[in-house]
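Secondary and tertiary structure notes
Letter by letter, the chains look like this.
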Amino acid sequence: MTSFYLIWNRKLRCIDLCIYLCVCVCVCVCVLQADYYYQYTECDSTGSRWRVAIPLNPGSCSDLPPPTRGTDCSFSCPAGMFLEMSTQECTPCAAGSYSLGSGLRFDQWDSIPAGFTSLASFMDPGPNGEDSQACNSSSWTPQGVYLESNRDECTVSLVYAVHLEKQGSVSFTYQYPDNNIFFEFYVRNEQCQEMAQSDDQKWITSNGEWDTHTVSLKSGTNILYWRTTGILVGGKMVKPVLLKNIQIEGVAYTSECFPCRPGWFSAAPGSSSCQPCPSNTYSVKGASSCTPCPEHHYSHEGWAECKVRPPCSGKDYFQIHTACDSEGKTQVLYRWVEPKICVENVTGAVELPATGQRETCPPCNPGYYNSNDSTCLPCPPGTHSDGTNVCAKCPAGTEPVLGYEYKWWNVLPSNMKTSCFNVGNSKCDDMNGWEVAGDHIRSGAGSSDNDYLILSLHVPGFKVPASLSGMTGIEFGRITFVFETICSADCELYFMMDVNRKSTTVVESWEGNKGKQSYTHSMTRNASVTYTWAFQRTNHALDVRRYVSDAVKLYSISVTNVLDGVASACRACALVPQNSQRAGSSCVPCPAGFYIDRDTNRCQECPPNTHLAGRHTYGQDACVACGHGSISNKEHSRCYSNCSFSYTDNNRTMTFDLSPLSDVASMTIGPSFTSKGTKYLHLFNISLCGHEGRRAAVCTDNVTDVSSRDDQSDSAQFVNSVDSFICQSTIIPADGRGFRMAISSQSISLADTFIGATADTVLSGVNAKPELFPENSRNVPDINFFYRSNQATASCDQGRSSVITVRCNPGKSERGELSVPSSCPAGTCDGCTFHFLWETTSACPRCTEDDYHKIEGACKGGVQETLYVWNEPKLCIKGASLPLRSSSPCEAIALWLKVGVGGGAFAAVLLISLTCYFWKKNKRLEYKYSRLVMSANKECELPAADSCALVEGEEPDDDVVYAQKPTLLGKLRAIANKDGESSESVQLKSSQSDRWVLG
């Protein structure tokens, strides 16, 4: 008897009794009995059917049994039985086989079972369809006992169609360890319409552990889809989804029992399942018992064959440290890796090393004390210890510093657990994944190289101590651990976090060899959390142990502010004020923004524009001054910009009003494409000023939002939301992906703290690198806003930093335009420092009187107008306004013109007067000389020239004396008449007593 379930394009013609559905599903049952077999007809409207005999070879049989009425269409046999068609009665399955009755089970994945189809699709083809073949090689892959999804960004669906005669269900066991893969399960009917499902049925929850998912099915054809899509955007390879044990209930009947697969058996008839063979045994298909392996052979649980035992080597044992005995001693023991598969008494085999010498136990961890029986116990509440001394009460005015600090590893702390996990090897489940080793704890041997060796630490919650109560908006606690990995293969260490036992998230991972280093992660919300370290030597399944010496070592783990933690020291706290009725030595929490005065141990408010930046509030030095261009909020918890800025240069002060940029701005960069062609975008949300200290930029991860069954839970808020000054999300558009919405993932904070704003290019070690952007050609300086995120990553050990360069550009709007460097299209060139340029008219300074000048018009009609215009190009906004146009009375001839004409006339008269004066004087001298010559020729003899002449340079002794005072007209007339036509009497006086009178 054979039962076939044919899906999609596979068709079976069994005479003419196949039932063809619109989705090409055909159900046909044939019964072999001599030359014929039995089969049921199609069910009629009343739910009845007929059993008919079908010849094996058409036409070869003429004497067939007549048709008889069959069982009801809803009839089914119980588990462990099958329907015998000849008698139409339920019959128990024979030993070595099993049956689910009305169900189907798929738990063997050596290959994809008949009826299942793996469909890969890529829904972001290029314009010419060049990416259509990118996902042809992506599929669900069988791995023996489980089925593994694809690891790339292709969308791959595992499809199975089944016809149910009655309402039933489907259940499957899965492991979904990575939020960077999108996993959904949904059902369609024969019209390819998606069945109504709630979100918690469709979107699978990621918790990193094996879980079972069950969905109800309606009668009729149900097409089941398991669909995965990796979100592989600049990150590491995603961890695949694993499926096993798919079980479907509600099929009409089963006409045969299924044989147990090799390595499994069922000992009794009527079994509903098979059991795996124990270690060192094997079985063939359909076995009712398991056969022991031959001598010097071995097998693991569920193996179908035995293998030769190899000689023992150093890879087959490991060392452990015993717990401290009553004398405070410990020693090293060696144990064989279980199950032991090697042989000791053959050539080349090594023996188990002898037990080590007894050594003094390491001291207790801080916060613990050594009891009488050499065990470490936690100190009582209110006391502290460094691990070497007895617990002591904290002095007055102090409080215990609660937390976990593990640096000695003689025994595993009670709040830590270790385990081994391997989906294909259940024996690993009973092994210790990690072993204590004195000054460190290291990964154990496991059972195979691809085991996950798991160490977990549970923290019930966090409580900020009274001494830190003045700090608001800070971390609730932090975990710091020191580790190193020693690897020769592709080992990987995962650090994960499970918040409120709802969802496991990979916080960071390290591949290959890593030297001794420290890693710190902050908790910004108060919640119960389990931290997990998972180490895998290789992700390739191997039959032999090759990398057993590869290991990870954890040297110390420290968690601060733990609820119900232990104390290693005491911290000064604030006391009740003296004027209070409760004054005393008890600790009280300080109000937000207050520090503890060192002298009085009282709460004092931080000075203006300072913030509590460190992890203590003791002393005024805990209040750190805000950076340039920033102020503190009321709680002194954070510095921010009030969106105003002043800059002084060359005795000129420019004031900037950036309030139009205060709202959150968004910028999308892309699209970019992965190696498979997946289109993705980078979304940045930016809160330049911070809204009075509130980090208003929020980025949300909607992958976990959709899959979370309680979107309002603390877990969803913690995992899915990031609030910051600047945050980034990776967006996969909904177009063409088959999703109802765009996928937002990998949300990170780029700016938790505002450092300051300045026109300088470097602030607190962060460089704005102005050369990344076009040069600023305007006479207005760029304003650089500096931010930092202190959360360290594997690639940025100092955390990330960001710089927003705000530039005046009158051609832009008030909100302006954001851009990133052309040479770094993702906004960062090194992955740690992000650069943005914000060009806007709001970055131009406020206008002053220096930014305009006046123009006076011509005097028209006795009126003169005065205008004021801006200097070009105008590089200012708001501030001072242009004065209004003004008018003033004026004269046609301007005063300056009058003064000029008057002055010119006066100068002309003066010049003429001087010319006449000197001309007249010259004529007088000429006249006097001529008279002297004439007089000398008439009356005296002149023997020599010097008897009557004047010696050179000698002034004449004779003066001309006018007989009467001449008038001005007379003088001019006398000067003009050179020949003496009109003469006047003059008197010449000489050294001699002679006088000449001229008439």
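Note that the structure is predicted; figures quoted are calculated from it, not measured.

Re the environment of E399
Following the sequence through the fold, E399 ends up in strand β35 (residues 398–406). Counting along the chain gives 172 residues from E399 to R571, while the straight-line C-alpha distance between them is 5.4 Å. The contact partners of E399, leaving out residues within four places of it in the chain, are C394, P465, A466, S467, A569, C570, R571, C573 and C587.

Digging into the sheet that holds strand β71 (residues 852–856)
Spatial ordering of the open sheet is given by β71-β72-β74, a layout of 3 strands whose pairing is antiparallel. With one partner strand each, in any of the chains shown, β71 and β74 (886–889) form the two edges of the open sheet. Ignoring which end each strand starts from, the neighbouring axes of this sheet average 25 degrees apart. Note: strand β72 (residues 863–870) against β74, 4 bridges, orientation antiparallel. Among the inter-strand pairings, Q864 is bridged to a residue of β74, identified as S888.

Remarks on the packing of aromatic side chains
What the rule picks out here adds up to 38 aromatic pairs. Relative to Y334, the ring of Y317 lies with its centre 6.0 Å away and its plane at 80 degrees, an arrangement referred to as edge-to-face. On the criterion of sequence distance, the pair formed by Y317 in strand β27 (residues 317–321) and Y334 in strand β29 (residues 332–336) is long-range, its members being 17 residues apart. Here the aromatic residues F106, W109, F116, Y160, F172, Y174, Y176, F183, F185 and W226 are joined through ring pairs into a cluster of three or more. Above the plane of the ring of Y225 lies R188, whose end atom (NZ or CZ) is 5.1 Å from the centre.

Quick notes on the nonpolar core
The biggest cluster of nonpolar side chains holds 38 residues, and the ones touching the most others in it are Y531, W533 and I557. Residue contacts for W533: discarding those within four places in its chain leaves W434, L453, I454, L455, L457, I479, F481, L493, Y494, F495, L554 and I557. If you look at the next biggest cluster of nonpolar residues, it comprises 35 residues, including L658, F725, C808 and L818.

Some remarks on the confidence of the model for the protein
For the protein, the mean per-residue pLDDT works out to 79, and 80% of the residues sit at or above 70. This model gives residues 126–131 a pLDDT under 50, and the stretch forms 5 contacts once residues within four places in sequence are excluded. Low pLDDT (under 50) marks residues 704–719, which in the prediction has 35 contacts with non-local residues, meaning those over four places away or in another chain.

Focus on the pattern of salt bridges
What the rule picks out here adds up to 14 salt bridges. For E817, the salt bridge identified is with K812, shortest N-O distance 3.1 Å. R885 is the partner of E865 in a salt bridge, and the nearest nitrogen-oxygen pair spans 3.8 Å. One end of the pair, E865, is in strand β72; the other, R885, is in the loop between β73 (877–879) and β74, with 20 residues separating them in the sequence. Linked by salt bridges that have partners in common, D325, E327 and R358 make up one network.

Observations regarding unusual backbone geometry
With the exception of glycine, most residues fall at negative phi, and the peptide bonds are largely trans. P671 follows G670 through a cis peptide bond whose omega is 5 degrees. Tracing the chain through its elements places P671 in strand β57 (residues 665–673). Residue P873 is bonded to the preceding E872 through a cis peptide linkage, with omega at -5 degrees. Along the chain, P873 turns up in the loop between β72 and β73. Positive phi, close to 65 degrees, is recorded for N280, a residue that is not glycine. Mapped onto the secondary structure, N280 falls in the loop between β22 (275–276) and β23 (281–282).

Calculation rules
Residues numbered from 1 in each chain as written. Predicted model: local features only at pLDDT ≥ 70, side-chain atom pairs only at ≥ 80, totals over all residues. Heavy atoms only, no water. Helix = DSSP H or I, 4+ residues; strand = E, 2+ residues; numbered from the N terminus. Contact = heavy atoms within 4.5 Å. Pairing = 2+ DSSP bridges. Axes fitted to C-alpha atoms, helices over the stretch in contact; angles between N-to-C directions. Phe/Tyr/Trp six-rings, centres within 6.5 Å; stacked < 30°, edge-to-face > 60°. Lys NZ or Arg CZ within 6 Å of the ring centre and 35° of its normal. Core = buried A, V, L, I, M, F, W, Y, C linked by side-chain atoms within 4.5 Å. Buried < 20%, exposed > 50% of the residue type's maximum accessible area, 1.4 Å probe, protein only. pLDDT = per-residue confidence, 0-100. Salt bridge = Lys/Arg side-chain N within 4 Å of Asp/Glu carboxyl O.

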